[in-house]
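Observations on chain architecture
Each chain, letter by letter, is given below.
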Amino acid sequence: QVQLAESGGGLVQAGGSLRLSCAASGRTFSSYSTGWFRQAPGKEREFVAAITWSGKSTYYADSMKDRFTISRDNAKNTVYLQMNSPKPEDTAVYFCAEVRGYWRGNYSRGDDYDYWGQGTQVTVSS
């Protein structure tokens, strides 16, 4: 079955940049749609960004627009989240998730995804 592994997290200073990676394994040639979510201590899981298999359509939470960029390289079985000018409030565990084909209803809801990674910690210091 599909397994997802996030990497690239760590400590970054506010105003810097960071790129997270989500590597997939165990896939068939079937297409998948991917999302990034995050969860900070004591807070609900929050949608960050989503992308279709082709990469032609991307979606962002309003608070992440113009700062974060989601992309994918299917030849490498990897989806990326480029974080530019992160803020301390971006500190969280970041998860990637996938669903076969397209989302069932809403790309911003965790219930639309079937496969999840373990998460990678991002800490933004000031």
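Residues numbered from 1 in each chain as written. Predicted model: local features only at pLDDT ≥ 70, side-chain atom pairs only at ≥ 80, totals over all residues. Heavy atoms only, no water.

**Examining the pairing of strand 4 (residues 32-39)**
Note on strand geometry: in a regular strand, side chains alternate between the two faces of the sheet. Quick note on the threshold: For each residue, the accessible area found with a 1.4 Å probe, counting protein chains only, is set against the maximum for its type, and the residue is called buried under 20%, exposed over 50%, and partly exposed in between. The numbering of helices and of strands both runs from the N terminus, where a helix is a DSSP run of H or I of at least 4 residues and a strand a run of E of at least 2. The criterion for strand pairing is that DSSP finds at least two bridges linking the strands in question.
Buried residues dominate strand 4, accounting for seven of its eight residues. Where strand 4 lies against strand 9 (residues 92-100), eight bridges are found, and the strand directions are antiparallel. Residue Trp 36 lies in a different strand from strand 9, and its bridge partner there is Cys 96. Sheet topology places strand 4 next to strand 5 (residues 46-51); five bridges connect them, and they run antiparallel. In the sheet register, Trp 36 faces strand 5, and the bridge partner there is Ala 49. Between strand 4 and strand 5, which follow one another and run antiparallel, lie six residues, and Gly 42 among them has a positive phi close to 75 degrees.

**Structural notes on the pairing of strand 7 (residues 68-73)**
Burial along strand 7 is one-sided: Phe 68, Ile 70 and Arg 72 are buried, and none of Thr 69, Ser 71 and Asp 73, which face the opposite way, are. With six bridges connecting them, strand 7 and strand 8 (residues 78-84) associate as antiparallel partners. Its bridge partner being in strand 8, Ser 71 is matched across the sheet by Tyr 80.

**Considering the sheet that holds strand 3 (residues 17-25)**
Stated formally: Orientation is described by lines fitted to C-alpha atoms, with helices fitted over the stretch in contact, and by angles between N-to-C directions that extend from 0 to 180 degrees.
The strand order across the open sheet built from four strands is 1-3-8-7, with neighbouring strands paired in antiparallel fashion. Since the sheet does not close on itself, it has two edges, and those belong to strand 1 (3-7) and strand 7, each with one partner. Strand-to-strand twist of the sheet, defined as the mean angle between neighbouring strand axes without regard to direction, takes the value 15 degrees. Bridge count for strand 3 against strand 8 is seven bridges, and the pairing is antiparallel. Opposite Ser 21, over in strand 8, you have Tyr 80 as the bridge partner.

**Section: the pattern of salt bridges**
Note the threshold: The rule for a salt bridge is simple: a side-chain nitrogen of Lys or Arg has to be within 4 Å of a carboxyl oxygen of Asp or Glu.
A full pass over the atoms with the stated rule returns seven salt bridges. Residue Arg 67 is joined to Asp 90 by a salt bridge in which the shortest nitrogen-to-oxygen separation is 2.8 Å. One end of the pair, Arg 67, is in the loop between strand 6 (58-60) and strand 7; the other, Asp 90, is in the loop between strand 8 and strand 9, and 23 residues separate them in sequence. The residues Arg 67 and Asp 90 share a single accessibility class, namely buried. Note that Glu 98 and Arg 72 form a salt bridge whose closest N and O atoms lie 3.7 Å from each other. Of this pair, Glu 98 sits in strand 9 while Arg 72 sits in strand 7, placing them 26 residues apart in sequence. The burial state of Glu 98 is the same as that of Arg 72; both residues are buried.

So yeah, pure geometry; function would need other evidence.
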